[in-house]
Amino acid sequence: MKESEAVRLDLRAPLEYAENAGLDPFVNTAGEGEASRELLFCFEVDGEQAGRIDPEAERFLGELVFSGMADAEQGDAQPNTLILPAGLYLFAQRRRFLGRDECIGLAMEQQKDGLWERHRLDSRLYIRRLFEDSSEVTQIFRPLAHPRRGGA
């Protein structure tokens, strides 16, 4: 897939990861043993910034909810399984490592595009890092909130 601006993505099957709390989403591990492993990070978007068309970069990301690694050597202990759930997302990617500022910038642009198109966005933000065709890829997933069902 080529680099994209925010597009709608229907993820048909969940992606599973083994919990790994020691990972830092904004440190490039290229060239290290973990570099070729697929990583997933989940953040809460700051409550005040989550619905703004002009969010503040320094306040955008809230807490890191979890971090995980695909294909981790499990050993005898079974780690907690973390999931990027199946569902509808706004999705964007870049074919390179994005540092903190670049990730936040891409996520803010994604939010702006989503709100402009009148999507209701969930407050979670997923950052996925993987290698594809011998290059590092950074992907940003923002769940689309389910529409409210009509009441009585």
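Quick look at the structure, then. (Residues numbered from 1 in each chain as written. Predicted model: local features only at pLDDT ≥ 70, side-chain atom pairs only at ≥ 80, totals over all residues. Heavy atoms only, no water.)

## Some words on the environment of Val-7
Along the polypeptide, Val-7 turns up in strand E1 (residues 4-11). Accessibility expressed as a relative area gives 35% for Val-7, which makes it partly exposed. Here the alpha-carbon distance between Val-7 and Ala-92, two residues 85 residues apart in the chain, equals 6.5 Å. (Helix = DSSP H or I, 4+ residues; strand = E, 2+ residues; numbered from the N terminus. Buried < 20%, exposed > 50% of the residue type's maximum accessible area, 1.4 Å probe, protein only.)

## Here we look at the pattern of salt bridges
Taken as a whole and judged by the stated rule, the model has 10 salt bridges. Residues Arg-124 and Glu-44 are paired through a salt bridge, measuring 2.6 Å at the closest nitrogen-oxygen approach. Remark: Glu-44 occurs in strand E3 (residues 39-45) and Arg-124 occurs in strand E7 (residues 124-132); sequence separation between them is 80 residues. The class of Glu-44 is partly exposed, set by a relative accessible area of 25%. The residue Arg-52 makes a salt bridge to Asp-54 at a minimum N-O spacing of 3.4 Å. Taking the relative accessible area as the measure of exposure, Asp-54 reaches 48% and is therefore partly exposed. (Salt bridge = Lys/Arg side-chain N within 4 Å of Asp/Glu carboxyl O.)

## Regarding the pairing of strand E5 (residues 81-84)
Across a regular strand the side chains alternate sides, sitting on one face of the sheet and then on the other. Residues Leu-82 and Leu-84 line the buried face of E5, whereas the alternating positions Thr-81 and Ile-83 sit on a face that is not buried. Taken together, the four bridges between strand E2 (residues 15-19) and E5 define a ladder with antiparallel strand orientation. Each bridged residue has a counterpart across the sheet, and for Ala-18 the counterpart in E5 is Thr-81. (Pairing = 2+ DSSP bridges.)

Note that all results are geometric; they support no functional claim without further evidence.
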